[in-house]
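# Residue-level structural notes
The primary structure of each chain is shown beneath.
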Amino acid sequence: MKKILAIIGLIFVGLLLVITVNTLLFTSDKAVVEAAVPAKIDQDSAIKRLSRAIQFKTISHNDPEDFDYNEFLKFHDYLEKAFPITHQNLKRYVINKHSLLYEWKGSDESLQPAVYLAHIDVVPVEPGTEKEWSYEAFSGEVAEGYIWGRGTMDVKSVLTALLETSEFLVKEGFKPKRTICFAFGHDEEVSGKHGAGKIAEYLKTNGIRPAFTLDEGMMILDERLSPTKKPLAVIGLTEKGFVTLKFSVESEGGHSSMPPLETTLGILTDAVSRLEKNQMPASLKGVAGQLFDTIGPDMPFIQKVIFANRWLTEGLVLSQLEKSNGTNAMIRTTTAPTVIRGGVQDNVLPTKAYALVNFRILPGDTVKDVLAHAIKVVEDPRVTIEIHGETASNPAPVSSMDSKGYAAITKTINEMFPGVSITPGLVVGGTDSKNYIGVVDNSYRYLPVVYGPEDTKRLHGTNERIAVDAYIKMIQFYIRLMKNASGV
Ligand SMILES: [Zn+2]
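Everything quoted here is computed from the prediction, not taken from an experiment. (Residues numbered from 1 in each chain as written. Predicted model: local features only at pLDDT ≥ 70, side-chain atom pairs only at ≥ 80, totals over all residues. Heavy atoms only, no water.)

### Quick notes on the coordination of the zinc ion
Looking at the metal site, the zinc ion is ligated by His119 (NE2), Asp154 (OD), Glu216 (OE) and Glu216 (OE), spaced 1.8 to 2.4 Å from it. Because the angles between the 4 donor atoms bound to the zinc ion fall within 55 to 147 degrees, the donor set is best described as irregular. All donor residues of the zinc ion come from one chain, and their arrangement in sequence is H-x34-D-x61-E. Separated by 97 residues along the polypeptide, His119 in strand E3 (residues 114-119) and Glu216 in the loop between strand E7 (212-215) and strand E8 (220-221) bring together distant segments of the chain. (Donors = N, O, S within 2.8 Å, 3.2 Å for Na, K, Ca; no water. Tetrahedral: all angles 85-135°; square planar, octahedral: opposite > 155°, others 65-115°. Helix = DSSP H or I, 4+ residues; strand = E, 2+ residues; numbered from the N terminus.)

### Some remarks on the environment of Ile295
By the element assignment, Ile295 lies in helix H8 (residues 287-295). For the pair Ile295 and Lys404, spaced 109 residues apart in the sequence, the C-alpha separation amounts to 22 Å. Residues in contact with Ile295, not counting those within four places in the same chain, are Pro227, Thr228, Leu232 and Thr423. (Contact = heavy atoms within 4.5 Å.)

### Re the sheet that holds strand E4 (residues 142-143)
Judged by pairing direction, the sheet is antiparallel, and its 3 strands sit side by side in the order E4-E5-E19 without closing on themselves. Looking at the sheet topology across the chains shown, the edges are occupied by E4 and strand E19 (465-467). As defined by bridge partners, strand E5 (residues 146-148) adjoins E19 across 3 bridges and the pair is classed as antiparallel. Bridging from a neighbouring strand, Tyr146 pairs with Ala467 of E19. Its contacts with the sheet place helix H15 (residues 468-486) against E4, E5 and E19, and it is angled at close to 75 degrees to E19. (Pairing = 2+ DSSP bridges. Axes fitted to C-alpha atoms, helices over the stretch in contact; angles between N-to-C directions.)

### Section: the nonpolar core
Tyr116, Phe182, Phe184, Tyr446 and Tyr478 are the most contacted members of the largest nonpolar core, which has 92 residues in total. Top element by residues in this core is H15. It accounts for 11 residues. A domain split of this core shows at least three residues from each of domain 1 (43-217 + 397-486) and domain 2 (238-393). Beyond its immediate sequence surroundings of up to four residues, Tyr478 is in contact with Val158, Ala161, Leu162, Thr165, Leu214, Leu447 and Pro448. Counting 22 residues, the second largest nonpolar core, distinct from the first, contains Val243, Phe247, Val249 and Val272. (Core = buried A, V, L, I, M, F, W, Y, C linked by side-chain atoms within 4.5 Å. Buried < 20%, exposed > 50% of the residue type's maximum accessible area, 1.4 Å probe, protein only. Domains from an automatic or database assignment.)

### Digging into H8
Listed in full, the buried residues belonging to H8 are Val287, Ala288, Gly289, Leu291, Phe292 and Ile295. Check the buried side of H8 and you find it contacts strand E9 (232-239), helix H9 (301-308), helix H10 (310-321), helix H11 (325-331) and strand E16 (421-427).

### A look at the side chain of Ser166
Mapped onto the elements, Ser166 comes out in helix H5 (residues 156-172). Taking the relative accessible area as the measure of exposure, Ser166 reaches 0% and is therefore buried.

### Brief notes about the sheet that holds strand E10 (residues 241-250)
Strand order in the open sheet formed by 4 strands is E12-E14-E10-E15, and the pairing between neighbours is antiparallel. With one partner strand each, in any of the chains shown, strand E12 (334-342) and strand E15 (383-393) form the two edges of the open sheet. Averaged over all pairs of adjacent strands, the angle between strand axes in this sheet comes to 20 degrees, irrespective of strand direction. Bridge count for E10 against E15 is 7 bridges, and the pairing is antiparallel. Bridge pairing in E15 places Phe242 opposite Ser393.

### With respect to the pairing of strand E6 (residues 180-185)
Of all 6 residues that make up E6, 6 are buried, and the element is covered over most of its length. Burial of E6 is two-sided: the residues Ile180, Phe182 and Phe184 facing one way and the residues Cys181, Ala183 and Gly185 facing the other way are all buried. Bridge analysis of strand E2 (residues 99-104) against E6 gives 5 bridges, and the strand direction is antiparallel. Residue pairing in the sheet places Tyr102 in a bridge with Phe182 of E6. As paired strands, E3 and E6 are joined by 6 bridges and run parallel to one another. Residue pairing in the sheet places Val115 in a bridge with Cys181 of E6.

### Remarks on the pattern of salt bridges
The final tally for this structure, using the stated rule, is 19 salt bridges. Salt-bridge contacts for Lys105 lead to Glu103; the nearest nitrogen and oxygen are separated by 3.2 Å. According to the relative accessible area criterion, Glu103 is buried, its value standing at 14%. (Salt bridge = Lys/Arg side-chain N within 4 Å of Asp/Glu carboxyl O.)

### Here's the deal with the domain arrangement of the protein chain
The domain architecture assigned to the protein chain consists of domain 1 (43-217 + 397-486) and domain 2 (238-393). Relative to domain 2, the C-alpha centre of domain 1 lies at a distance of 32 Å. With 18 residues of domain 1 in contact, the opposing surface of domain 2 contributes 15 residues. Both faces combined, the contact of domain 1 with domain 2 buries some 1400 Å², and carbon together with sulfur accounts for 57% of it. Of all residues in domain 1, the largest losses of buried area upon contact with domain 2 belong to Val398, Leu426 and Val428, amounting jointly to 37% of the total for that side. Run the count over domain 1 and domain 2 and you get 1 salt bridge. Glu239 is paired through a salt bridge with Arg445; the nearest N and O atoms lie 2.8 Å apart. (Buried area = accessible area lost by both parts, 1.4 Å probe.)

This is how it looks when you write it as structure tokens:
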């Protein structure tokens, strides 16, 4: 007995030792970079130009027929007038009538271009919420230290900030070594197929293979949003895939006074319920694991111990991450029933009904995996399962952290936002970057703005706005970045 106790004691001490050593070795290596002096730009004019840009109602709709393309053309004209130096010195291509591609030729042809993405389109204002805006949604009002309106966050501000950058750099006499491109699609909010998709096609057919694209998708999380409680810049290396499955049931209808034991609606809702109860497995493999490896050392002590010993705590970590919708989306392919249709009257048994379930696919899973999972979980031949629509896409490949582009982005973050930690991350939504898969070497998703909890609600929501200071800093960031990525 004594011997057994001694062995257990020894194992326990050994375990403690391993946990302690792992925790001590769990450190982050932060680059020591000197802060850069922000470029001196004409702030008032820049703010006015963004304010005016917001006033164009470049709204995208699911049906291409519903677009008011005249607003897009008027917006193109406005850009030409507002950024004359850029339009004289960069080549502008109009792609598929409403998207724009600018090319600023670099002096070194051996370097692959850097492409900066933004989109011209914005989402509509939800009908009925117009009155809730402090300033009219397309007013571009400058008040209370903010520029207000649809597109100030998502993402016209980036589009104009990029043009401010070229305007400034040309004036300053900067000559890029690496070619700089701006690619502005016109339908990002509705898949980007006709905008970014066509721009990517243009690059491909002309034999242009960019080194990297930089797009929206991630940003700096402030101390309230950041899991480390310290400002954290997240660079999206990949984004989730997307598929909607349609589940249909057909059975004999009839009078509701003599229903069968199982009805069309019963069979269908049972299938949906099973899908919800049997989610696809959670995993810390891939980018989510990379993220926790990077930020773990900066976490409070207990969390640090847990993340340093994932070989032992993986199950615990996953069960904790599953509890919040935000972190759950980072560790698994999510299941979201979004539409259900069936039935016409309260005393008639429907013969047909269907449900749509939207899955956001974690890198590592595929559209095929999701379909196989759904068939296995539903396990009912009376339910027909098929891919709905034409928007299914596998997750994007994971971009490299070991590239010139990534190095330039992280260096610029350190220079312009001193003290902010940087981590790779996963974009759980979709961006225009997915249209460039196979066309570029790497796609990074990062905007140089700080987000707090109140900002996330304004995205696609009411009272979208950007702080004047944040917008100026954004321009200064891109100026610095283009020097770092394309300079001598
Ligand atoms: Zn956007």
